[in-house]
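Here's the letter readout for the chains.
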Amino acid sequence: MSGNELAVSRPLYRVNKFAVPDEAREKFLELVAKTFAVIRRQDGYVRDWVLEQNSGPGIFNFVIMIEFASDEVAPRIAAALGELDRELGLDRDALMAELNIRTDFGSYKRLEPLSA
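Residues numbered from 1 in each chain as written. Predicted model: local features only at pLDDT ≥ 70, side-chain atom pairs only at ≥ 80, totals over all residues. Heavy atoms only, no water.

Draft legend 1. Summary view of the overall build of the protein. Helices and strands together make up the secondary structure of the protein, namely 3 helices and 4 strands. Ordered by position from the N terminus, the helices and strands of the protein form the series β-α-β-β-α-α-β. With the C-alpha coordinates aligned to their principal axes, the bounding extent of the protein is approximately 55 × 40 × 20 Å. Across the 116 residues that make up the protein, the buried fraction comes to 30%. Taking as baseline every contact in the protein between residues at least 6 positions apart, the subset at least 24 positions apart corresponds to 75%. If you sum the accessible surface of the protein, you get close to 8100 Å²; carbon and sulfur atoms cover 53% of it. Charge centroids of the protein, computed over 15 positive and 19 negative side chains, lie 3 Å from each other. (Helix = DSSP H or I, 4+ residues; strand = E, 2+ residues; numbered from the N terminus. Buried < 20%, exposed > 50% of the residue type's maximum accessible area, 1.4 Å probe, protein only. Contact = heavy atoms within 4.5 Å. Areas by Shrake-Rupley, 256 points an atom, 1.4 Å probe, with all protein chains shown as cover. Lys, Arg positive; Asp, Glu negative; His and termini not counted. Charge placed at Lys NZ, Arg CZ, Asp CG, Glu CD.)

Shown next as structure tokens:
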């Protein structure tokens, strides 16, 4: 990169998918609310979507998408959520297993427009 070029930071998208049994829905949504109370206060947070499936054969009935300003934000968010878990005495993996919630997580970058 030459001195005249600026590094462009691209947004990072976190996509978390959950298969939540009906009997675990309330506890799951309580945890989501506590989690977002922390995430939404962090520098670099842009926006989020919490989606609940209303039709279709898919396995995952909740999808949470979070947009961050860049991937540099991720470690700060992880640290803030780790602190929340310590305060609550929470082991998220154990809770997901106890509630029989299946998960699929990933971070994504947007592709530049594809040309035909």
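Draft legend 2. Focus on the sheet that holds strand 2 (residues 45-52). Strand order in the open sheet made by the 4 strands is 2-3-1-4, with antiparallel pairing throughout. Both edges of this open sheet fall to strand 2 and strand 4 (102-108), since each of them pairs with a single strand only. Geometrically, the sheet is characterised by an average inter-axis angle of 10° between neighbouring strands, direction not taken into account. Taken together, the 7 bridges between strand 1 (residues 12-19) and strand 4 define a ladder with antiparallel strand orientation. From the neighbouring strand, F18 faces strand 4, where its bridge partner is T103. Packing against the sheet, helix 1 (residues 25-39) makes contact with strand 1, strand 2 and strand 3 (62-68), and its axis sits at approximately 0° to strand 3. (Pairing = 2+ DSSP bridges. Axes fitted to C-alpha atoms, helices over the stretch in contact; angles between N-to-C directions.)

Draft legend 3. Here's a closer look at the side chain of S70. Mapping S70 onto the fold places it in the loop between strand 3 and helix 2 (74-88). For S70, the side chain forms a polar contact with the side chain of E72, separated by 2.5 Å. Contacts of S70, omitting those with residues within four sequence positions, involve S9, R10, P11 and L12. (Polar contact = N/O pair within 3.5 Å; in protein donor to acceptor, adjacent residues only side chain to side chain.)

Draft legend 4. Geometry of the layout of surface pockets. What the largest pocket holds in volume is close to 590 Å³. Taken together, 23 residues line the largest pocket, and the ones lying closest to its centre are R14, N16, L81, R92 and F105. For the lining of the largest pocket, the secondary-structure elements that each account for two or more residues are strand 1, helix 1, strand 3, helix 2, helix 3 (92-98) and strand 4. (1 Å grid on protein atoms, 1.4 Å probe; cavity = no way out; pocket = protein on both sides within 12 Å on 5 of 7 lines; lining within 4 Å. Points joined across faces, edges and corners; volume = space filled by probe spheres on them.)

Draft legend 5. Quick look at the confidence of the model for the protein. Confidence along the protein averages 92 in pLDDT terms, with 93% of residues attaining 70 or more. Under a pLDDT of 50 for its full length, residues 1-5 has, in the predicted model, 2 contacts with residues more than four places off or in other chains. (pLDDT = per-residue confidence, 0-100.)

Draft legend 6. Spatial organisation of the pattern of salt bridges. Per the counting criterion, the structure on display carries 7 salt bridges. Taking the shortest distance from any N to any O, the salt bridge between R40 and D48 comes out at 2.8 Å. Judged by relative accessible area, which is 45%, R40 ranks as partly exposed. D48 gets classed as buried once you look at its relative accessible area, which sits at 15%. (Salt bridge = Lys/Arg side-chain N within 4 Å of Asp/Glu carboxyl O.)

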